[in-house]
Amino acid sequence: MRTVRTPFRSPRALTPTARVRRLRRRITVLFALTSAVGLVAMAALAVRSDGVRWREQLDQAMSADTNWALGLLETDEDGRLDTGVLLDNAGTACPPLFLLAARDTATDLVVEHAPRRPCLTVAPASVQRAALAAVRADDPRSLDARTTAGEPVRMFALPFYPPDAEEDAEPQGVLVSVADASAPRADHRRLTWVVTGGCALLVLLSAGVGHLLSGRAVRPALEVLDRQEAFLTDAAHDLRTPAASLRTLAETALRGETDSTDVHRRTLRLAEGMGTLVDGLLTRARLMSGTAVLAVEPLRLDQLVEAVVEDTAAGGRPVTVRAEQAVVVAADPDLVRRAVANLVGNALVHGHGPGEQAEVEVTVGGEEATATVTVEDAGLGLPPEVAGALFDRFRSGSGSTGLGLSIASWVAHAHGGGLTAEPGRRGGARFVLRLPAGGPPAP
């Protein structure tokens, strides 16, 4: 049985661009987590403070009512409680008020009075528990409870003492007041949901802002990586043809099919051409990164175009050059030469039908502020599917990969000009390279 092994890829094998993007995601997550921790802490503090606030408000109201009721309690000559004045002057049904008296010990509490029809029905065990908590702590106590129907209430227990009692005397009884806590609890629950939802929205907003800020932070690194990738791709594109020619020449020389002197001469010419290409690529890389400036000098554009056509159209391929007048521009001759050569080469390759010979016409003209180089062919024209992205990297008129037109467009824009494509008069394509007569604008 054959075993298929899946190659293991270490996390370190990520491309530089992938590492930068992963760093952006980590920054976004860290920014969101930091915001979430701060927001959750503030939300918890706000919710807790609101819970303490509404309980304190109910406790203050119940404390005032219970102390007023305590002032209505009397003691007879035998030291027994007299609740007559309290029952005659205070309505103890709403809010409910319970009176518990101590018998043998302070913790042996018996209900002396309970409202007959209270607005809040509380289990006797809850009342007993609140009273015992106040007696054992020897001070007023409040706690949360529920009615027999399950509604939330707040209970307040106030112990009271006999007249002229000593400091260590035991309580004579306990007054227990009950307040409805449904509305405050509903408001508190609503506040909790609002704060929770607000925190969630703020965390999402923080994540979005962190993503945008991290994107702005890593954008320069991504641009540098893109420029590096563009340089390597352009170098491979421009050096592929001379390298293939050099290899073919070497194989021919090994077979002894050509004269050695001719081989040496052609090898030297190819080596010089490759050196010029490498210098041009390095110059372009420095220009794109902003570490160098254009080598601008006065240039006869018509003469440069004629020289380029003479080199590019070697072998009898028909290229016609028309220069109506002497056109002078201030530009980088190496870069302009490459742009014109790319346009002419593109027309020779793609500017003819199947089995036909290419016919290319190059026109050099100029106005007061702009010089133009027009390259027109008699081919099949521009395919509609690539017309909108013709000057993008790795696109050409035939749909094949390539950089010639994109490099020409970049050279034109680097000089403050432009490159356009439109249908030609003979049915083919027309490319117009425009350069400012006064030279490129200052960076």
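Each remark here, short or long, concerns the structure printed above.
Counting restarts for each chain: residues are numbered from 1 in the order of the written sequence. Whole-chain, interface and lining totals are the exception, using all residues; otherwise, since this is a predicted model, local features are given only for residues with pLDDT of at least 70 and side-chain atom pairs are given and counted only at 80 or more. Hydrogen atoms and water are omitted, and side-chain values are computed over all heavy atoms in the structure.

A. Structural detail: the overall build of the chain. Per the secondary structure count, the chain includes nine helices and 14 strands. Only heavy atoms matter for contacts: two residues are in contact if any of them lie within 4.5 Å across the pair. When contacts within the chain are restricted to residue pairs at least 6 apart in sequence, long-range pairs at least 24 apart make up 65% of them. By element, 55% of the accessible surface of the chain is carried by carbon and sulfur atoms, the whole surface being about 26200 Å². Where helices and strands are cited, they refer to DSSP runs of H or I of at least four residues and of E of at least two residues respectively, numbered from the N terminus. Method for areas: the Shrake-Rupley scheme with a 1.4 Å probe, in which residue coverage is limited to the protein chains shown.

B. Spatial organisation of the environment of L30. Within the secondary structure, L30 sits in helix α1 (residues 16-70). The classification of residues rests on relative accessible area computed with a 1.4 Å probe and restricted to protein chains. Under 20% of the type maximum is buried, over 50% is exposed, and intermediate values are partly exposed. Classification of L30 as exposed rests on a relative accessible area of 57%.

C. Quick peek at the sheet that holds strand β14 (residues 429-436). Pairing within the open sheet is mixed, and its five strands lie in the order β9-β11-β12-β14-β13. Each having just a single partner strand, β9 (319-323) and β13 (418-423) make up the two edges of the open sheet. Averaged over all neighbouring strand pairs, the angle between strand axes comes to 15°, with direction disregarded. In the sheet, strand β12 (residues 370-377) pairs with β14 via seven bridges, with the strands oriented antiparallel. Bridge pairing links T370 to P436 in β14. Running over the sheet, helix α9 (residues 404-414) touches β13 and β14 and is turned about 130° from β13. Two strands pair under a simple rule: DSSP has to find at least two bridges between them. Axis definition: a line fitted to C-alpha atoms, limited for helices to the stretch in contact. Angles are taken between N-to-C directions and run from 0 to 180 degrees.

D. How the structure looks around the sheet that holds strand β7 (residues 173-180). Spatial ordering of the open sheet is given by β4-β3-β7-β6-β5, a layout of five strands whose pairing is antiparallel. Edge positions in the sheet fall to β4 (109-113) and β5 (141-146), since each has one partner strand and no second. Here the average twist between neighbouring strands, direction ignored, is 30°. Most of the contacts of α1 go to strand β6 (residues 152-160), to which it runs at about 40°, and overall it touches β3 (97-102), β5, β6 and β7. Against the sheet, helix α3 (residues 124-137) engages β3, β4, β5, β6 and β7, with an angle of about 40° to β6.

E. Representation of the pattern of salt bridges in the model. A pairing counts as a salt bridge when a side-chain nitrogen of Lys or Arg comes within 4 Å of a carboxyl oxygen of Asp or Glu. If you walk through the whole model with that rule in mind, you get 16 salt bridges. Of the charged contacts in the structure, one is a salt bridge between D59 and R154, with a shortest N-O distance of 3.0 Å. Of this pair, D59 sits in helix α1 while R154 sits in strand β6, and the two are 95 residues apart along the sequence. Taken as a pair, D59 and R154 share a single burial class, namely buried. When the shortest N-O distance is used, the salt bridge between D187 and R190 registers 2.8 Å. Taken as a pair, D187 and R190 lie in helix α4 (residues 182-254) at a separation of three residues, close to a single helical turn.

F. Local environment of the nonpolar core. Counting 37 residues, the largest nonpolar core has L301 and V362 as the members making the most contacts within it. Looking at this core, the elements with two or more residues in it are α6 (301-312), β10 (328-331), α7 (333-350), β11 (360-366), β12, α9 and β14. If you tally residues by element for this core, the top one is α7, at eight residues. When near neighbours in sequence (up to four residues on either side) are disregarded, L301 contacts V327, V329, V336, V364, A371, T372, V373 and L435. Ranked by size, the runner-up nonpolar core spans 20 residues in total, among them A106, V135, A157 and V176. Each nonpolar core is a collection of buried residues, namely Ala, Val, Leu, Ile, Met, Phe, Trp, Tyr and Cys, held together in the definition by side-chain atoms within 4.5 Å.

G. Structural detail: the state of the cysteines. Counting rule for disulfides: a pair of cysteine sulfur atoms within 2.5 Å. Here the structure, examined in full by the defined rule, presents one disulfide. Across a sulfur-sulfur distance of 2.4 Å, C94 and C119 are joined as a disulfide pair. Between C94 and C119 the sulfur-sulfur dihedral comes to about 90°; the bridge is accordingly right-handed. In this pair, C94 sits in the loop between α2 (84-89) and β3 while C119 sits in the loop between β4 and α3, placing the two residues 25 residues apart along the sequence. Taking the relative accessible area as the measure of exposure, C119 reaches 41% and is therefore partly exposed.

H. Region of the structure containing the pairing of β13. Alignment of β13 against β14, held across six bridges, turns out to be antiparallel. Following the sheet pairing, E422 is matched in β14 by R430. Once β13 ends, the chain turns through five residues before running back antiparallel as β14, passing G427 with a positive phi of about 90°.

I. Structural context of the environment of T147. Its place among the elements puts T147 in the loop between β5 and β6. Residue classification places T147 among the buried positions, given a relative accessible area of 10%. Distance from T147 to D180, taken between C-alpha atoms, is 9.3 Å for residues 33 residues apart in sequence.

J. Structural context of the packing of α7 against α9. Axis separation between α7 and α9 bottoms out at 9 Å; the angle between their running directions is 145°. The handedness of the crossing between α7 and α9 is left-handed. Contacts between α7 and α9 pair L335, V336, R338, A339, N342, L343 and N346 from the former with G404, L405, I407, A408, W410 and V411 from the latter. The classification used treats Ala, Val, Leu, Ile, Met, Phe, Trp, Tyr, Cys and Pro as nonpolar, Asp, Glu, Lys and Arg as charged, and all other residues, Gly among them, as polar. In the contact of α7 with α9, the residues fall into nine nonpolar, three polar and one charged. Take the far helix as your reference; a near helix turned counterclockwise from it by less than a right angle gives a left-handed crossing, and one turned clockwise gives a right-handed crossing.

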